[in-house]
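One-letter residues, chain by chain:
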Amino acid sequence: MKKNSFSEIFYKNAGYLAVSLISLAYIAGSFIMISETGKTIYEIIAGGIISMIVGILINGVFRSLGLRRGEEDERTISTTSLYAQTIDSVVCHIDKLQDFCDMENTRALSNIRKKILARVGISYRDCFDEEGVVKSYDYELYSDEQIEMARGRKRRKYLKINKARKRAYDKAVNVKIKLLSPAILTSDSVKENDPFNFGKSKKEYSSQKNTADVISRVVMAVIFGYFGVSLASEINIALLIWNTMQIVMYIASGVVQMYSTYSWIVNDHRVGVIKKIDCLQKFKLYAEHMGIDTKA
């Protein structure tokens, strides 16, 4: 029977470890009295910077562990391998991929515009041609004469409907999407909020988390820098407990970050790669339909 390695046991119990560390830190707080340190602003800044750096480094290490663990997961390895094979199957005709992306972009933009216009009862064909070029269209449902003849609530209703249709028409005309491109389909770099919904790249995910880390660590550093502890019999022991509580909280936060990063890799990021695979396979069918032999 195969024994689980220390790292596997650690990852499986990461959540329990984080909860245990936080609980220990809270219990340790019962042995000390929290009070202001009386430090100057410069002393607070100096001590806070050191504390912040330590916290960021600890979180960075745990996030790296989470990324590595996620990349080593069998599901991620299998998906990555299939992605590479799919790229290889179409790479000899990669020059045709831009045409396919243009076609998909037009379709995606058309679908978004249809949804916007459908909410107010406007037909897409009345506003745009097959290539997405804007047509001249009178979006108002009620004429000035009808509005002028209406009174009270009916008049307000007519005006409200016309304004809603104008907003929808303007939004549909001016809507922008993140365009699909060969670079996006064949690399880890993707754009957020695109209609193809590939999700974030590893670089974007790490950058976003680093920014959040800095903000959270600044807040924690100021708190731990401004407030200190006092112990009647032995100040050094109090300081030791206080600093230990900081490190324990940093480690607990890092464990949560590691587990979160691992989950993101094997779920969100992997789903984005699978969507790229589906898109590339769709391109392969498109190329075959156009009479192109995509076999390497």
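Each remark here, short or long, concerns the structure printed above.
What this report covers is the structure whose coordinates are included nearby.

Moving on, we get to the nonpolar core. In terms of nonpolar packing, the biggest core is built from 14 residues, with Tyr 83, Leu 97, Leu 180, Leu 185 and Leu 280 touching the most fellow members. Elements that contribute at least two residues to this core include exactly helix H4 (74-90), helix H5 (97-118), helix H9 (182-185) and helix H11 (235-289). At 5 residues, H11 tops the list of elements feeding residues into this core. Those residues within four positions of Leu 97 in sequence are excluded, and the remaining contacts are Pro 182, Leu 185, Thr 186, Leu 280 and Phe 283. Listed in part, the 11 residues of the second largest apolar core include Tyr 124, Cys 127, Ala 168 and Ala 172.

The final tally for this structure, using the stated rule, is 7 aromatic pairs. Through a chain of ring-to-ring contacts, three or more aromatic side chains come together here, namely Phe 100, Phe 283 and Tyr 286. Above the face of the Tyr 124 ring, Lys 114 is positioned so that its terminal group lies 5.4 Å from the ring centre.

This part is about the pattern of salt bridges. With the rule as written, the count across this model stands at 4 salt bridges. Note that Glu 104 is salt-bridged to Arg 107, the shortest N-O span being 2.9 Å. With Glu 104 and Arg 107 both in helix H5, this residue pair falls 3 residues apart, about one helical turn. The class of Glu 104 is buried, set by a relative accessible area of 3%. A salt bridge links Lys 282 to Glu 104, with the shortest nitrogen-to-oxygen separation between them at 3.3 Å. Of this pair, Lys 282 sits in helix H11 while Glu 104 is found in helix H5, placing the two residues 178 residues apart along the sequence. Residue classification places Lys 282 among the partly exposed residues on the basis of a relative accessible area of 39%.

Quick look at helix H8 (residues 152-174) now. The terminal C-alpha atoms of H8, which comprises 23 residues, lie 33 Å apart, in line with the 33 Å expected from a rise of 1.5 Å per residue. Restricting attention to buried positions, one finds in H8 the residues Tyr 158, Asn 162, Arg 165, Ala 168, Tyr 169 and Ala 172. Against H5, helix H6 (124-127) and helix H7 (144-149) lie the buried residues of H8.

This part takes up a negative patch on the surface. Side chains of Asp 138, Glu 140, Asp 144, Glu 145 and Glu 148 sit close together on the surface and give a patch of like negative charge. One can find Glu 148 in helix H7. For Glu 148, a relative accessible area of 51% translates into the label exposed.

The next subject is H4. In this model H4 runs 25 Å from its N-terminal to its C-terminal C-alpha over 17 residues, within 8% of the 24 Å that 1.5 Å per residue would give. Listed in full, the buried residues belonging to H4 are Thr 76, Thr 79, Tyr 83, Thr 86, Ile 87, Ser 89 and Val 90. In an axial view of H4, the angular spread of the buried residues amounts to 155 degrees, which keeps them on one side of the axis. In this structure Asp 73 caps H4, since a side-chain oxygen of it lies 2.8 Å from the backbone nitrogen of Arg 75.

About the thresholds
- Residues numbered from 1 in each chain as written.
- Predicted model: local features only at pLDDT ≥ 70, side-chain atom pairs only at ≥ 80, totals over all residues.
- Heavy atoms only, no water.
- Core = buried A, V, L, I, M, F, W, Y, C linked by side-chain atoms within 4.5 Å.
- Buried < 20%, exposed > 50% of the residue type's maximum accessible area, 1.4 Å probe, protein only.
- Helix = DSSP H or I, 4+ residues; strand = E, 2+ residues; numbered from the N terminus.
- Contact = heavy atoms within 4.5 Å.
- Phe/Tyr/Trp six-rings, centres within 6.5 Å; stacked < 30°, edge-to-face > 60°.
- Lys NZ or Arg CZ within 6 Å of the ring centre and 35° of its normal.
- Salt bridge = Lys/Arg side-chain N within 4 Å of Asp/Glu carboxyl O.
- Expected span 1.5 Å × (residues − 1).
- Patch = residues over 30% accessible without salt bridge, like charges linked within 9 Å, V, L, I, M, F, W, Y side chains within 5 Å.
- Areas by Shrake-Rupley, 256 points an atom, 1.4 Å probe, with all protein chains shown as cover.
- Lys, Arg positive; Asp, Glu negative; His and termini not counted.
- Charge placed at Lys NZ, Arg CZ, Asp CG, Glu CD.
- Arc of directions from axis to C-beta.
- Polar contact = N/O pair within 3.5 Å; in protein donor to acceptor, adjacent residues only side chain to side chain.

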